Amino acid sequence: MTYHIVPFSVIEQTIKRGVASDSPKVLHQYLDTSEAYAERLGISEAYDLYKRVFQVLLETVCDAAVPMHWRELCLDSIYRPLMQLKRFVITDQDAVEYYRFEHELRALSHYFMSSKTMGVSQ
């Protein structure tokens, strides 16, 4: 059996655009792959990778052009890179950046996902 390796950036674009919105396996593969990559990287590079994954998922959550069920799945999965980022908190500066990520997630997900619940009550 032959395996084709899809470049990481291609998978990211697939996720961001919701192209595979009927295949949650793609998202799980992306997260698993990012964690496997990070294990082989140095601390700084692994941190940057988890920030990148977090941003990809957050951008997807905030994109109204992406199907809602895909955005919800990304929101449900964003804890994985966020918890990995938390492992890197050592200094006060690290903590400030981590809490900025949490705040950004709360604010943006509330703003972009609340339209779903508002549409139901109208």
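Use the structure listed above.
What you see is a predicted model; the values in this text were computed from it and never measured.

**Q** Where do I start with the nonpolar core in this structure?
**A** Counting residues in each nonpolar core, the largest one holds 30 residues, and the members touching the most others are Ile 15, Leu 27, Tyr 30, Phe 54 and Leu 57. At the level of elements, helix H1 (8–17), helix H2 (24–39), helix H3 (43–61), helix H4 (68–77), helix H5 (79–86) and helix H6 (92–121) are the ones that each hand at least two residues to this core. With 10 residues, H3 is the largest single contributor of residues to this core. For Leu 57, the residues in contact, after removing those within four places along its chain, are Ile 15, Leu 27, Leu 31, Cys 74, Ser 77, Ile 78 and Pro 81.

**Q** Is there a simple way to explain the packing of H2 against H5 in this structure?
**A** Any two packed helices are characterised by the angle at which their axes cross and by the distance between the axes. Running from N to C, H2 and H5 cross one another at 15 degrees; their axes reach a closest spacing of 10 Å. Between H2 and H5, the angle is such that the two are roughly parallel. Regarding H2 and H5, the two cross each other, and that crossing is right-handed. Residue-level contacts link His 28, Leu 31, Asp 32 and Glu 35 of H2 to Arg 80, Pro 81 and Gln 84 of H5. For the contact of H2 with H5, the residue count by class is 2 nonpolar, 2 polar and 3 charged.

**Q** Please explain the environment of Pro 81 as it appears in this structure.
**A** Tracing the chain through its elements places Pro 81 in helix H5. Here the alpha-carbon distance between Pro 81 and Val 53, two residues 28 residues apart in the chain, equals 6.4 Å. Setting aside chain neighbours within four positions, we find Pro 81 in contact with Leu 31, Tyr 50, Val 53, Phe 54 and Leu 57.

**Q** It is not clear to me how the pattern of salt bridges should be interpreted in this structure. Could you clarify?
**A** Where charged atoms from two side chains of opposite charge come close, those side chains can pair. Taken as a whole and assessed by the stated rule, the structure comprises 7 salt bridges. Its salt-bridge partner being Arg 80, residue Glu 35 comes within 2.9 Å of it at the nearest N-O pair. Taken together, the residues span a long stretch of sequence, with Glu 35 in helix H2 and Arg 80 in helix H5 at a distance of 45 residues. Grouping residues by exposure puts Glu 35 and Arg 80 together as buried. Linking Lys 51 and Glu 97 is a salt bridge whose minimum nitrogen-to-oxygen distance equals 3.6 Å.

**Q** What exactly am I supposed to notice about the packing of aromatic side chains here?
**A** Aromatic rings in a pair are described by how distant their centres are and how their planes are angled relative to each other. Using the criterion set out here, one finds 4 aromatic pairs in the structure. Ring centres of Tyr 47 and Phe 88 lie 5.6 Å apart, and the angle between their planes is 75 degrees; on these two criteria the pair is classed as edge-to-face. Placement of Tyr 47 in helix H3 and of Phe 88 in the loop between H5 and H6 is noted, with a sequence separation of 41 residues between them. Like Phe 88, Tyr 47 is buried. Judged by centre distance (5.5 Å) and plane angle (50 degrees), the ring pair of Phe 54 and Phe 101 falls under tilted. With a gap of 47 residues between them, Phe 54 in helix H3 and Phe 101 in helix H6 connect regions that are remote in the sequence. With respect to burial, Phe 54 and Phe 101 carry one shared label: buried. By the ring-pair criterion, three or more aromatic residues cluster together here, those being Tyr 47, Tyr 50 and Phe 88. Between the NZ or CZ atom of Arg 87 and the centre of the ring of Phe 88, over which it lies, the distance is 5.6 Å.

Calculation criteria
- Residues numbered from 1 in each chain as written.
- Predicted model: local features only at pLDDT ≥ 70, side-chain atom pairs only at ≥ 80, totals over all residues.
- Heavy atoms only, no water.
- Core = buried A, V, L, I, M, F, W, Y, C linked by side-chain atoms within 4.5 Å.
- Buried < 20%, exposed > 50% of the residue type's maximum accessible area, 1.4 Å probe, protein only.
- Helix = DSSP H or I, 4+ residues; strand = E, 2+ residues; numbered from the N terminus.
- Contact = heavy atoms within 4.5 Å.
- Axes fitted to C-alpha atoms, helices over the stretch in contact; angles between N-to-C directions.
- Parallel < 35°, antiparallel > 145°, perpendicular 65-115°, else oblique.
- Left-handed = near helix turned anticlockwise from the far one by under 90°.
- Nonpolar A, V, L, I, M, F, W, Y, C, P; charged D, E, K, R; others polar.
- Salt bridge = Lys/Arg side-chain N within 4 Å of Asp/Glu carboxyl O.
- Phe/Tyr/Trp six-rings, centres within 6.5 Å; stacked < 30°, edge-to-face > 60°.
- Lys NZ or Arg CZ within 6 Å of the ring centre and 35° of its normal.

Purely geometric stuff here, so don't read any function into it on its own.
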